[in-house]
Structure formats: structure tokens, C-alpha cells
Amino acid sequence: MKKSIYWNILPLLATKADFMLCIGQRGNGKTYGVLQHFLKQYKKTGKRFCYLRRWDEDIKAYRMEQLFAPFRNLIDELFGEEFTIVYKNHKFFLVNGNGTKVDILGYVLSVSSSAHTKSISYTNVGFILYDEFIRMTGEQELRDEMSRFDNTLSTIIRGDNTNVKVFMLA
């Protein structure tokens, strides 16, 4: 059998860890694999996700609107051809063929603005993805980043969100 050039999430999931870090080359499918897992888990359990990035600029609508573009076949398979995933107001929605929002699939936050989201409720979250969690050379440093990240986690992981798996990719 030919070995895939794309990253496989299964060995990471087999660890059953609450925090999972994956560092690897660009373009090998880390983000794709984790988001694919989130969609499958939503279909199976109804658990939502939170997608985190460091800066507000990283979660601008024009960027987020493209995040699930490569998943057309998986969306068809899991939910049906009439469904799409739409980004609006820091949330990903599952939308039916009539344009009606069926449910929230996930939330989107930036670690840099986490202080402004403390009072917001993120319900039924089972997964968090902190994408590109390692700064690139020359990228501006986020002051107190680990403290802000911890505060962001505390905002999300409370109430009915106590059994949450955190993926950190770079």
C-alpha cells in the first residue's frame, strides 16, 4: 500500500490526550484532518468546535469563508448535498438548501481579543483548534499570549463544556 503524503490524525487521537500538539510542514493536511474530525464528530455526537487564531486579522470573514471550501464532498456525505457551511458573526453554521441556519457547528475567536469574549457562552463545545499557534519568524509577538490563551480556554471550557479536546497545530 502506498504511503500517504498527508498527515493522519488517528495516531494523535489514539493517545486520548486532552491537549494534542502537532508541528509539521505546511500543506500536509494538519488543519484539514482536524477540521474533518470535527465535522465527523459533530455528525456523530452533536459536539461543536472553537477555531482559534492569534490575531483578529487571522479570523476576518474573507479568510474564514474559505476554511471549509475543501470539504464539499465530506459535507455532501455527512449532511447531504443540499447543505453548506456558512461563516457569519464569528460562527460556522450548517445551512440547508433553503438558506435556513440549521445549527451552529463552531465558533471562531482570536486569542488577542479573548478579554472581550469572557461573558459569551460557547455551548456544547467538544473541541478546540488553536491553528498556527507558533509564531512565524518576524511575526509580531502577542504580549501575555499564554495567559490570554489560558483565559480563552477558561471562557470556553465551563458549564457543559468540561470534556474538551484541544488541538494545537503549527
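Rules and cut-offs
Residues numbered from 1 in each chain as written. Predicted model: local features only at pLDDT ≥ 70, side-chain atom pairs only at ≥ 80, totals over all residues. Heavy atoms only, no water. Core = buried A, V, L, I, M, F, W, Y, C linked by side-chain atoms within 4.5 Å. Buried < 20%, exposed > 50% of the residue type's maximum accessible area, 1.4 Å probe, protein only. Helix = DSSP H or I, 4+ residues; strand = E, 2+ residues; numbered from the N terminus. Contact = heavy atoms within 4.5 Å. Pairing = 2+ DSSP bridges. Axes fitted to C-alpha atoms, helices over the stretch in contact; angles between N-to-C directions. Phe/Tyr/Trp six-rings, centres within 6.5 Å; stacked < 30°, edge-to-face > 60°.

Enquirer: Before we move on, could you go through the nonpolar core and cite the residues and values that matter?
Expert: In this structure, Phe68, Phe92 and Phe167 are the most contacted members of the largest nonpolar core, which totals 32 residues. Considering each element in turn, this core owes the most residues, five residues, to helix α2 (residues 30–45). For Phe68, the residues in contact, after removing those within four places along its chain, are Leu35, Leu39, Phe49, Ile75, Ile85 and Phe92. Listed in part, the 22 residues of the second largest apolar core include Cys50, Val95, Ile156 and Val166.

Enquirer: With reference to specific residues and values, describe the pairing of strand β4 (residues 91–95).
Expert: For β4, a buried count of four out of five residues is recorded, marking the element as mostly surrounded by other parts of the structure. Relative to β4, strand β3 (residues 84–88) runs antiparallel, the two sharing five bridges. Bridge pairing links Thr84 to Val95 in β4. As consecutive antiparallel partners, β3 and β4 are separated by two residues, and within that stretch Asn89 has a phi angle of approximately 50 degrees, a positive value. Two successive antiparallel strands, β4 and strand β5 (residues 101–110), enclose a turn made up of five residues, where Gly99 displays a positive phi of approximately 85 degrees.

Enquirer: Give a description of the side chain of His37 that names residues and reports values.
Expert: With respect to the element layout, His37 can be found in helix α2. Taking the relative accessible area as the measure of exposure, His37 reaches 13% and is therefore buried. Ignoring anything within four residues of it in the chain, the contact list for His37 reads Ile9, Leu13, Phe127 and Phe167.

Enquirer: Got a sec to walk through the sheet that holds β4? Specific residues and values, please.
Expert: Strands sit in the order β1-β7-β6-β2-β5-β4-β3 across an open sheet of seven strands; the sheet is mixed. Pairing within the sheet leaves two strands with one partner each, and these edge strands are β1 (19–22) and β3. Shown here is a sheet whose adjacent strand axes are inclined to one another by a mean of 20 degrees, direction ignored. Where strand β6 (residues 125–131) meets strand β7 (residues 165–169), five bridges bridge the pair, whose relative direction is parallel. Counterpart to Asp131 in the pairing with β7 is Leu169. Across the sheet, helix α5 (residues 145–156) is in contact with β1, β2 (48–53), β5, β6 and β7; its angle to β6 comes to roughly 160 degrees.

Enquirer: Please set out unusual backbone geometry residue by residue, giving values where relevant.
Expert: Positive phi, close to 60 degrees, is recorded for Lys16, a residue that is not glycine. With respect to the element layout, Lys16 can be found in the loop between α1 (10–14) and β1. Owing to a relative accessible area of 66%, Lys16 belongs among the exposed residues under this scheme. The backbone of Asn89 shows a phi angle near 50 degrees, a positive value even though the residue is not glycine. Mapped onto the secondary structure, Asn89 falls in the loop between β3 and β4. Exposure remark for Asn89: the relative accessible area of 57% places this residue in the exposed category.

Enquirer: I'd like a description of the packing of aromatic side chains, backed by residues and values.
Expert: Within the structure shown, the criterion is met by 13 aromatic pairs. Aromatic pair Phe38 and Phe167: ring centres 5.6 Å apart, planes at 65 degrees, arrangement edge-to-face. Within this pair, whereas Phe38 is found in helix α2, its partner Phe167 is found in strand β7, the two being separated by 129 residues in sequence. This pair shows no difference in class: Phe38 is buried, exactly as Phe167 is. Between Tyr130 and Phe133, the aromatic rings sit 6.4 Å apart at their centres with planes inclined by 50 degrees, giving tilted as the arrangement. The same class applies to Tyr130 as to Phe133, namely buried.

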